[in-house]
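Read off the chains here:
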Amino acid sequence: MLALLGGSLIAVLALSGLAWLLGLGKPPAIDPVTACAEAEAMLPGFDAAGATISSDGASALVHSQDGSVAVLRRHGVHFVARRVPASAVNEGPQGWRIDTGETMFGTVLVRR
């Protein structure tokens, strides 16, 4: 029994190491082009004009042609987006803080 437990542990550690070496599960950084495309894909009728990306690549503020704003943030290895009113965006010394008004989505900081 002990040999089976030890062998299983070694197999799990070997597979974890292989996944780490291959970069699997690594959270992606986002760039302005991808942020605009993601916002347009996730938010019906959103026509992106440009994006401000967080310095850590974990969030983005996307501006549309009509003046509305979308915020993207990392959720695991994917990104999620919400449309927010322009009044929800507050600029501060660290960057732009966006209060989405949703408990589950939370407040997002797009760092300088």
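One structure accompanies this document, and this report is about it. (Residues numbered from 1 in each chain as written. Predicted model: local features only at pLDDT ≥ 70, side-chain atom pairs only at ≥ 80, totals over all residues. Heavy atoms only, no water.)

### Section: the sheet that holds strand β7 (residues 107–111)
Spatially, three strands are ordered β5-β6-β7 in an open sheet, and the strand pairing comes out antiparallel. Lying at the two open borders of the sheet, with one neighbouring strand each, are β5 (89–91) and β7. Shown here is a sheet whose adjacent strand axes are inclined to one another by a mean of 20°, direction ignored. Sheet analysis places strand β6 (residues 95–99) next to β7, joined by five bridges and oriented antiparallel. Its bridge partner lying in β7, Ile98 is registered against Val108. (Pairing = 2+ DSSP bridges. Helix = DSSP H or I, 4+ residues; strand = E, 2+ residues; numbered from the N terminus. Axes fitted to C-alpha atoms, helices over the stretch in contact; angles between N-to-C directions.)

### Considering the packing of aromatic side chains
Scanning the model with the defined rule gives zero aromatic pairs in all. Geometry around Phe105 places Arg73 over its ring, the cationic atom sitting 4.7 Å from the centre. Above the ring of Trp96, the side-chain terminus of Arg112 is found at 4.8 Å from the ring centroid. (Phe/Tyr/Trp six-rings, centres within 6.5 Å; stacked < 30°, edge-to-face > 60°. Lys NZ or Arg CZ within 6 Å of the ring centre and 35° of its normal.)

### As for the pairing of strand β2 (residues 59–64)
In terms of residue burial, β2 counts as a mostly covered element, since five of its six residues are buried. Note that strand β1 (residues 48–53) and β2 share five bridges and pair antiparallel. What sits directly across from Ala48, in β2, is Ser64. Hairpin geometry of β1 and β2 is characterised by an intervening segment of five residues between the two adjacent antiparallel strands and by a positive phi of about 70° at Gly57. Hairpin connection of β2 to strand β3 (residues 69–75): four residues between the antiparallel strands, including Gly67 at a positive phi of 95°. (Buried < 20%, exposed > 50% of the residue type's maximum accessible area, 1.4 Å probe, protein only.)

### As for the sheet that holds β3
One open sheet holds the four strands; their spatial order is β1-β2-β3-β4, and the pairing between them is antiparallel. Edge positions in the open sheet fall to β1 and β4 (78–84), since each of these has one partner strand only. Within the sheet, the average angular offset between the axes of one strand and its neighbour, ignoring direction, is 25°. Pairing geometry for β2 and β3, over five bridges, is antiparallel. Note that in β3 the partner of Leu61 across the bridge is Val71.

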